[in-house]
Amino acid sequence: MTETKTDELEIRCPRLGSIIPFRYCLISGEDSLPCFKIMDCWWEIFDVDTYLREKLPAEVYESLLSARPKPKVASIVQIAEQAKTKK
Ligand code: SF4
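Residues numbered from 1 in each chain as written. Predicted model: local features only at pLDDT ≥ 70, side-chain atom pairs only at ≥ 80, totals over all residues. Heavy atoms only, no water.

What follows concerns the site of the ligand. Around the ligand lies a shell formed by Ile-11, Cys-13, Pro-14, Arg-15, Ile-20, Tyr-24, Cys-25, Ser-28, Cys-35, Lys-37, Ile-38 and Cys-41. Most atoms of the ligand, that is more than half of them, are within 2 Å of grid points of the second largest pocket. At the level of secondary structure, the elements contributing two or more residues to the shell around the ligand comprise helix H2 (22-25) and helix H3 (38-42). Here the residues of the shell around the ligand sort into nine nonpolar, one polar and two charged. (Near = heavy atom within 4 Å. 1 Å grid on protein atoms, 1.4 Å probe; cavity = no way out; pocket = protein on both sides within 12 Å on 5 of 7 lines; lining within 4 Å. Sits in = over half its atoms within 2 Å of the grid points. Helix = DSSP H or I, 4+ residues; strand = E, 2+ residues; numbered from the N terminus. Nonpolar A, V, L, I, M, F, W, Y, C, P; charged D, E, K, R; others polar.)

If you want it as structure tokens, here you go:
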């Protein structure tokens, strides 16, 4: 997909609850890198995997592949353990 076409793409963001452009997803992660959910959100719209593989540095692309949010239960357990160690 060309740059012009991706500039026109919009989607409802599951995190923000509003319509946002693809270009926002490219910079809304940590340190202005792509959002960790970019693959999950866009794969049905266009070949986002190929797009990112071609546009991003290899290490950034690889980090997106391995980026997955922790399950809520794992996060809760981790927070509880951190609270115990602080006491
Ligand atoms: S990739 Fe991130 S910012 Fe973009 S729509 Fe998905 S959750 Fe929202």
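Inspection of the entire model under this criterion finds five aromatic pairs. For the pair Phe-22 and Tyr-51, a centre-to-centre distance of 5.4 Å together with 75° between the ring planes defines the contact as edge-to-face. Placement of Phe-22 in helix H2 and of Tyr-51 in helix H4 (residues 48-55) is noted, with a sequence separation of 29 residues between them. Classification of Tyr-51 by relative accessible area gives buried; the value is 7%. Pairing Trp-42 with Phe-46 gives two aromatic rings, centres 6.2 Å apart and planes at 65°, and the pair type is edge-to-face. Residue classification places Trp-42 among the buried residues on the basis of a relative accessible area of 0%. Among the aromatic residues, those joined into a ring-pair cluster are Phe-22, Trp-42, Phe-46 and Tyr-51. (Phe/Tyr/Trp six-rings, centres within 6.5 Å; stacked < 30°, edge-to-face > 60°. Buried < 20%, exposed > 50% of the residue type's maximum accessible area, 1.4 Å probe, protein only.)

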